[in-house]
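# A structural walkthrough
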2 protein chains.
Amino acid sequence: MVVNMKGRFITLEGTEGVGKTSNLNFIENILRDAGIDVVRTREPGGPPLSETIRKMVLDTHQDDICDDTELLLMFAARAQHLHQLIIPALEAGKWVVCDRFTDATYAYQGGGRGIDQSRIAILEKWVQGDLRPDLTFLLDMPVEDGLARASSRSEPDRFELEKQDFFEHVRHTYLRRAKAEPERVKIIDASPSLDKVQHQIGEVLSEILAQ
Amino acid sequence: MVVNMKGRFITLEGTEGVGKTSNLNFIENILRDAGIDVVRTREPGGPPLSETIRKMVLDTHQDDICDDTELLLMFAARAQHLHQLIIPALEAGKWVVCDRFTDATYAYQGGGRGIDQSRIAILEKWVQGDLRPDLTFLLDMPVEDGLARASSRSEPDRFELEKQDFFEHVRHTYLRRAKAEPERVKIIDASPSLDKVQHQIGEVLSEILAQ
C-alpha cells in the first residue's frame, strides 16, 4: 500500500473516562482555527460497514465472541475505514483526527485480552502496510479515577463491563507503547482540570503546526 | 494452536450450481450409516456470530465492501467457527462436514477478487495454525453449466451477482489447489447425473472409512 499522505494523521488514545470527547473537540477546533481541513472520525467505526462491525464488537450480548474473532473484526473495520475514509482524506491534504486507532488494539486486545503483541503486529502490517499516525495523544490517568468518571455516563458497552484489572493492563500497554515511541506518542496527564489538560495538548499542537 | 483431532474434517468445495447441497446430504448419510457422529456446518457461518458475518458479506447492499475487509471478515467468521464449533467437535471425536472452507477463500477472494495467495496464506496461518481439512471434495464442472443451474434457484447473493469471468478465476484456482494437493483434494466431475457424481464420492469415502 503506497499512500501519498499530504495531510496529517492524529489519533487520541486512553482508557475509559479520561476525557477523550472533550479533547477531540478541542483538537478539532484548534486545527480548524488554523485553517486546516479536518476529518474527525473514530475506531472502531467511520464508514457505515465499520460502524456495523463496531456495534457487533461493543454489543454486550456478544458475550461469546472469541479473542481472535474480536481482533480480526477490529482490523476488518479498520481496513474499510482506511480505504474508504482515512487514506482518501490524507491524500487530499486533509488532516484526520481519529478517536482511537491501532494503539488501542495493542492495549485492549493485546494488554487486556492477552493476545501476543507479535500476532497483532502481523495484522497491523497486513492491513496498514507502513501507515502509522503522525501524532498520538495518550490521555493518561489512574484507571480507577477514569472508571469513576465513565460510570456516571450512559450504559456500559462490552468493553466497559470489564474489571479494573483489565484496564490496568490496557493502561500499562498504552504507557509502554508511548515510552517506546516518544516522538509519535505524547503522554498527556489527564488528571488535572480540563484547561490544564488542554494546555498540554495545545503546546504539542503548536509545535506540529509550526513545522 | 494445538488441536488433538480425534475426528475427521471433510470439506466440500465448488463454484455456483455444482450441486453441493445434494452431495452434502449424501456424504452425511453415508457417514451416519457407518455409525459416525457427524456435525454438518457451513462457511461463512456456523455459530450465530459467524452467521451474522455471513449475512454481512453476502448482502447485495454491501456493494462498497473493500476486498481486504471482505477477506478479514471471512477469517473472523472462521476463527469463531473453529473455536466454538469445529475444533470442539473434532476433539470430541466427531466428524465435521463443512460446506466450503479456506479453499473457497483462496478461490473467491484470491482467484476471484485478485488478492495475492501469499497474503491469504498469512491469515490462514494466523487463524488456523496447522489445522487443515483431512479430505476435500472439489465438485467441478464448466462454469456456465453451473451458473445456468444456479440461476433457477433463489435470489442471487453478492457473490452470485459476479460475472462469468469471476467464476472462471474461482474454478481455475480451485483446480490448481487440487492439483497441488492431490492427497487431500479429490476432484469430482460434477457434470454427469447425480448418481454418477455420488458414485465417485462414495468410492473416496469408502477408502477413508476403511482406514
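The structure we're discussing is the one just above.
Cut-offs used in this document
- All residue numbers here refer to positions counted from 1 along the written sequence of the relevant chain.
- Chains carry letters from A onward and ligands carry numbers from 1 onward, assigned in written order.
- Under the rules for a predicted model, residues below a pLDDT of 70 receive no local features and side-chain atom pairs below 80 are neither given nor counted, while totals for whole chains, interfaces and linings still include all residues.
- The basis for every side-chain value is the complete set of heavy atoms in the structure, and neither hydrogens nor water enter the calculation.
- Helix numbers and strand numbers start at the N terminus; a helix is a DSSP run of H or I with at least 4 residues, a strand a run of E with at least 2.
- We compute the radius of gyration over the C-alpha atoms and compare it with the globule rule, which gives 2.2 Å times the number of residues raised to the power 0.38.
- Here's how the labels work: a residue is buried when its accessible area is under 20% of the maximum for its type, exposed when over 50%, partly exposed in between, all with a 1.4 Å probe on protein chains only.
- The criterion for strand pairing is that DSSP finds at least two bridges linking the strands in question.
- Axis geometry follows a simple rule: fit a line to the C-alpha atoms, using only the stretch in contact for helices, then measure angles between N-to-C directions, giving values from 0 to 180 degrees.
- Here, two residues are considered to be in contact whenever any of their heavy atoms come within 4.5 Å of each other.
- A simple way to read buried area is as the amount of 1.4 Å-probe accessible surface that goes missing from two parts once joined, with both sides added.
- Under the rule applied, a polar contact is a pair of N or O atoms within 3.5 Å (in protein, one hydrogen donor and one hydrogen acceptor; residues adjacent in sequence only if both atoms are side-chain atoms).
- Residues reaching a pLDDT of at least 70 in both copies supply the C-alpha atoms on which the copies are superposed by least squares.
- In the sections that follow, a salt bridge refers to a side-chain nitrogen of Lys or Arg positioned within 4 Å of a carboxyl oxygen of Asp or Glu.
- Each aromatic pair joins two rings of Phe, Tyr and Trp (for Trp, the six-membered one) with centres within 6.5 Å, and gets the label stacked for planes under 30 degrees apart, edge-to-face for over 60, and tilted for any other angle.
- Throughout this description, the term charge over a ring refers to an Arg CZ or Lys NZ atom that lies within 6 Å of the ring centre and within 35 degrees of the ring normal.
- Definitions used throughout: a 1 Å grid over protein atoms alone; a cavity as a set of points that fits a 1.4 Å probe which cannot get out; a pocket as an open set with protein on both sides within 12 Å along at least five of seven lines; a lining residue as one with an atom within 4 Å of a point.
- Grid points are joined across faces, edges and corners, and a volume is the space filled by probe spheres set on the points.
- Throughout, the ten residues Ala, Val, Leu, Ile, Met, Phe, Trp, Tyr, Cys and Pro are labelled nonpolar, Asp, Glu, Lys and Arg are labelled charged, and all others, Gly among them, are labelled polar.

### Some remarks on the overall build of chain A
Within chain A one finds 8 helices and 5 strands. Helices and strands appear in chain A in the N-to-C order β-α-β-α-α-β-α-α-β-α-α-β-α. Radius of gyration (C-alpha) of chain A: 16 Å, near the 17 Å computed for a compact globule of 211 residues. If you line up chain A on its principal axes, its C-alpha atoms span 45 × 40 × 30 Å.

### Quick word on the environment of Arg8(B)
Along the chain, Arg8(B) falls in the segment before β1 (9–14). Separated by 83 residues in the primary sequence, Arg8(B) and Glu91(B) place their C-alpha atoms 9.5 Å from one another.

### Observations concerning the pairing of β1(B)
Strand residues, when the strand is regular, have side chains that alternate between the two faces of the sheet. Residue and element names in this part refer to chain B. Most of β1 is tucked away, with 6 of its 6 residues classed as buried. Residue alternation in β1 divides its side chains into two sets, Phe9, Thr11 and Glu13 and Ile10, Leu12 and Gly14, and both sets are buried. Direction of pairing for β1 relative to strand β3 (residues 95–99): parallel, over a ladder of 4 bridges. Across the sheet, residue isoleucine 10 finds its bridge partner in β3, namely valine 97. Pairing geometry for β1 and strand β4 (residues 135–140), over 5 bridges, is parallel. Bridge assignment links threonine 11 to a residue of β4, and that residue is threonine 136.

### As for the sheet that holds β1(B)
All names here are of chain B. Within the open sheet, the 5 strands sit side by side as β2-β3-β1-β4-β5. Their pairing is parallel. Both edges of this open sheet fall to β2 (38–42) and β5 (185–189), since each of them pairs with a single strand only. Across the sheet, the mean angle separating the axes of adjacent strands is 20 degrees when strand polarity is ignored. As defined by bridge partners, β4 adjoins β5 across 5 bridges and the pair is classed as parallel. Across the sheet, leucine 139 pairs through a bridge with isoleucine 188, a residue of β5.

### Re the interface of chain A and chain B
Accessible area lost upon the coming together of the parts serves often as the stated size of an interface. In this complex, chain A contributes 24 residues to the contact, which on the side of chain B involves 24 residues. Between chain A and chain B, the buried area comes to about 2,300 Å², and carbon and sulfur atoms account for 70% of it. When the area that chain A buries against chain B is broken down by residue, the three leading residues are Leu49(A), Leu72(A) and Trp126(A), summing to 33%. Applying the counting rule to chain A against chain B returns 10 residue pairs in polar contact (both at pLDDT 80 or more). Among the elements of the structure, α2 (48–58), α3 (67–91) and α5 (117–128) of chain A are those that each provide at least two residues to the side of chain A that touches chain B.

### Comments concerning the relation of the copies chain A and chain B
Related by rotation about an axis and a shift along that axis, the two copies of the chain form a pair. Of the transformation placing chain A onto chain B, the axial shift is 0.0 Å and the rotation is 180 degrees, giving an RMSD of 0.0 Å. The transformation just described matches what one would write down for a two-fold rotation axis. Comparing contact sets, 100% of the residues at the interface of chain A also lie at the interface in chain B, consistent with an isologous, same-surface contact.

### Focus on the pattern of salt bridges
If you walk through the whole model with that rule in mind, you get 32 salt bridges over all chains. Between Glu181(A) and Arg184(A) there is a salt bridge, and its shortest N-O distance comes to 3.0 Å. Residue class for Glu181(A) comes out partly exposed when judged on its relative accessible area of 32%. Classification of Arg184(A) by relative accessible area gives buried; the value is 8%. The salt bridge involving Asp99(B) is made with Lys20(B); its shortest N-O contact spans 2.6 Å. You can see Asp99(B) sitting in strand β3 and its partner Lys20(B) sitting in helix α1 (residues 20–33), a full 79 residues away along the chain. We note that Asp99(B), like Lys20(B), is buried. Here the residues in one salt-bridge network are Glu70(A), Arg113(A), Arg158(A) and Glu162(A), joined through shared partners.

### Re the packing of aromatic side chains
Two aromatic rings, taken as a pair, are described by how far apart their centres are and by the angle between their planes. Residues and elements named next belong to chain A. Under the defined criterion, the tally for this structure stands at 12 aromatic pairs over all chains. Pairing phenylalanine 9 with phenylalanine 101 gives two aromatic rings, centres 4.9 Å apart and planes at 80 degrees, and the pair type is edge-to-face. Separated by 92 residues along the polypeptide, phenylalanine 9 in strand β1 (residues 9–14) and phenylalanine 101 in the loop between β3 (95–99) and α4 (102–112) bring together distant segments of the chain. In terms of burial, phenylalanine 9 and phenylalanine 101 fall into one category: buried. Among the aromatic residues, those joined into a cluster by ring pairs are Tyr108, Phe159, Phe166, Phe167 and Tyr174. Here arginine 177 stacks its cationic end above the ring of tyrosine 106, 3.8 Å away from the centre of that ring.

### Details of empty space enclosed by the protein
Residue and element names in this part refer to chain B. Per the stated rule, a full pass over the model turns up 1 cavity of 30 Å³ or more. Its boundaries defined by the atoms lining it, the largest cavity holds a volume of some 30 Å³. Contributing to the lining of the largest cavity are Glu13, Asp103, Thr136, Leu138, Tyr174, Arg177, Ala178 and Val185. Sorting the residues of the lining of the largest cavity by element identifies β4 and α7 (164–180) as the ones contributing at least two each. Here the lining of the largest cavity gets 3 residues from one element, more than from any other, and that element is α7. Here the lining of the largest cavity is composed, by residue class, of 4 nonpolar, 1 polar and 3 charged.

### Quick notes on the environment of Lys6(A)
All names here are of chain A. As for its position among the elements, lysine 6 is in the segment before β1. Among the residues examined, lysine 6 registers a relative accessible area of 58% and is labelled exposed. Sequence separation between lysine 6 and glycine 93 is 87 residues, and the spatial gap between their C-alpha atoms is 4.5 Å. Ignoring any residue separated from it by four or fewer positions in sequence, one finds lysine 6 in contact with Leu90, Glu91 and Gly93.

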